[in-house]
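# Secondary and tertiary structure notes
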2 protein chains.
Amino acid sequence: MKIRTILAASLGLTLASTTLAQVVGKPEDQIRWRQSAYHTLAWSMARIKANVEGTYNKDQVVEAANVIQAVANSKMGALFQPNTGSGKGWKETRVKPEFFKAESRDELGRIAGAYGKEANEMARVAATGDAGAVKAQFGKLGESCKACHDKFRKDE
Amino acid sequence: MKIRTILAASLGLTLASTTLAQVVGKPEDQIRWRQSAYHTLAWSMARIKANVEGTYNKDQVVEAANVIQAVANSKMGALFQPNTGSGKGWKETRVKPEFFKAESRDELGRIAGAYGKEANEMARVAATGDAGAVKAQFGKLGESCKACHDKFRKDE
């Protein structure tokens, strides 16, 4: 139950997604939508980075952190149905075959859970307007993104 | 001031974006990020549609509505700098030249303000779990998307 709860709470990967979420979209839609969501996260991360490295504007950081939080809690796992391990959205998917393997579930659950936790914390810290704390949390959030990229995303 | 406030409150288009928001990203980044954000909205709209037309799951609708709300309040206008009227992100941008013209500002402000209002209302209604009210608000939100598409987006 614990793993299932973690999965459902964050990226909602593979097993959880097929049982808990309605499947929406053809495989190519799923791949394009998930690539879009990740790039929306990349934009939001770039916005926070610009603020912690340049002139700090609380509103901009809150806006970006709220997008990250909402996407992190949107159960994107529903966009990783078993038939989406290859194929093209905006471009060829970079997901590794390991992502879909049963033996990866525990690790995916840990990675997804950690990401969701750091994303929620990012939104909480952004709302305080404490630029130093935002910078520190931005680092932790970036590490939690990287954990999944390193393990489950192919290099370009 | 009123128009500026509306702009800043929602899509934050053109004039407001150049004065209020830090510009992040090269033109091709801005185009790819905004195409990504719109497709993240399209995914979220498809999720809500699947719920109001099929088995209703409150959590899924809340997740999708929260993404729409966060993106609607993220001041995407910062991704429409004057040098992004043509060019390629994932694909060639479909923004019309009218979008960037000074005489469009009032209408853009109205359209962006209406969209932000309907997106915030969508999140509020989703949280109530009232499927009928969600269906009605989904229609209003879709209309507010369409208002901009009809006026400022080229057909494919």
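Before reading on, note that the structure itself is shown above.
To start, this report covers the structure provided alongside it. Small disclaimer: the values here were computed from a predicted structure and weren't measured. (Residues numbered from 1 in each chain as written. Chains lettered and ligands numbered in written order. Predicted model: local features only at pLDDT ≥ 70, side-chain atom pairs only at ≥ 80, totals over all residues. Heavy atoms only, no water.)

### Description of the relation of the copies chain A and chain B
Mapping chain A onto chain B is achieved by rotating through 180° and translating by 0.0 Å along the same axis, at an RMSD of 0.0 Å. Considering both components of the superposition, the chain copies are consistent with a two-fold axis. Residues of chain A ranked by C-alpha distance from the rotation axis are headed by Ser36 of chain A, positioned 2.1 Å from it. Residue by residue, 100% of the interface of chain A is reproduced at the interface of chain B, so both copies engage with the same surface. (Least-squares fit on C-alpha atoms with pLDDT ≥ 70 in both. Contact = heavy atoms within 4.5 Å.)

### Thoughts on helix H6 (residues 131-152) of chain A
Across its 22 residues, H6 of chain A extends 32 Å between first and last C-alpha, which sits within 8% of the 32 Å expected from 1.5 Å per residue. Tucked into the core, H6 of chain A has its buried residues touching helix H3 (27-53), helix H4 (58-72) and helix H5 (105-128) of chain A. (Helix = DSSP H or I, 4+ residues; strand = E, 2+ residues; numbered from the N terminus. Expected span 1.5 Å × (residues − 1).)

### Section: the state of the cysteines
Taken as a whole and judged by the stated rule, the model has zero disulfides over all chains. Of all cysteine sulfurs, the one in Cys148 of chain B lies closest to Cys145 of chain B, which takes part in no disulfide; the gap is 9.0 Å. (Disulfide = S-S within 2.5 Å.)

### Section: the packing of helix H3 (residues 27-53) of chain B against helix H6 (residues 131-152) of chain B
If you want to describe how two helices pack, look at the angle between their axes and the distance between the axes. Residue and element names in this part refer to chain B. In the contact formed by H3 and H6, the axes pass within 10 Å of each other and the chain directions differ by 145°. Two packed elements cross with a definite hand, and for H3 against H6 that hand is left-handed. The segment H3 lies against H6, with Met45, Ile48, Lys49 and Val52 engaging Ala131, Val134, Lys135, Phe138, Leu141, Gly142 and Cys145. Here the residues of the contact of H3 with H6 are counted per class, giving eight nonpolar, one polar and two charged. (Axes fitted to C-alpha atoms, helices over the stretch in contact; angles between N-to-C directions. Left-handed = near helix turned anticlockwise from the far one by under 90°. Nonpolar A, V, L, I, M, F, W, Y, C, P; charged D, E, K, R; others polar.)

### Some thoughts on the environment of Ala65 of chain B
All names here are of chain B. If you trace the backbone, Ala65 turns up in helix H4 (residues 58-72). The sequence separation of Ala65 and Glu121 amounts to 56 residues, and the corresponding C-alpha distance is 9.3 Å. If we skip the residues at most four places from it in the chain, Ala65 touches Ile48, Met122, Ala123 and Ala126.

### Thoughts on the pattern of salt bridges
Across all of its chains, the model carries 20 salt bridges over all chains by this definition. The shortest N-O distance in the salt bridge between Asp150 of chain B and Lys146 of chain B comes to 2.9 Å. You can see Asp150 of chain B and its partner Lys146 of chain B sitting in helix H6, four residues apart, about one turn around the helix. Residue Lys146 of chain B is classed as partly exposed on the basis of its relative accessible area, which comes to 42%. When salt bridges that share partners are traced, they join Arg47 and Glu63 of chain A together with Lys75 of chain B into one network. (Salt bridge = Lys/Arg side-chain N within 4 Å of Asp/Glu carboxyl O. Buried < 20%, exposed > 50% of the residue type's maximum accessible area, 1.4 Å probe, protein only.)

### Digging into the environment of Ile31 of chain A
Residues and elements named next belong to chain A. Inspection of the secondary structure assignment puts Ile31 in helix H3. Accessibility expressed as a relative area gives 1% for Ile31, which makes it buried. Considered as a pair, Ile31 and Trp90 are 59 residues apart in the sequence and their alpha carbons are 7.8 Å apart. Not counting the four nearest positions on each side in its chain, Ile31 is found in contact with Thr84, Ser86, Gly87, Lys88, Gly89, Lys91 and Thr93.

### Observations regarding the packing of aromatic side chains
Both the distance between ring centres and the angle between the ring planes are used here to describe each pair of aromatic rings. Residue and element names in this part refer to chain A. For the structure on display, the rule yields nine aromatic pairs over all chains. Ring geometry for Phe99 and Phe100: centres 5.1 Å apart, planes at 65°, overall edge-to-face. Residue Phe99 is classed as buried on the basis of its relative accessible area, which comes to 3%. An aromatic cluster is built from Tyr38, Phe80, Phe99, Phe100 and Phe152, whose rings are joined through pairwise contacts. Residue placement shows Arg32 over the ring face of Trp90; its charged tip is 6.0 Å from the ring centre. (Phe/Tyr/Trp six-rings, centres within 6.5 Å; stacked < 30°, edge-to-face > 60°. Lys NZ or Arg CZ within 6 Å of the ring centre and 35° of its normal.)

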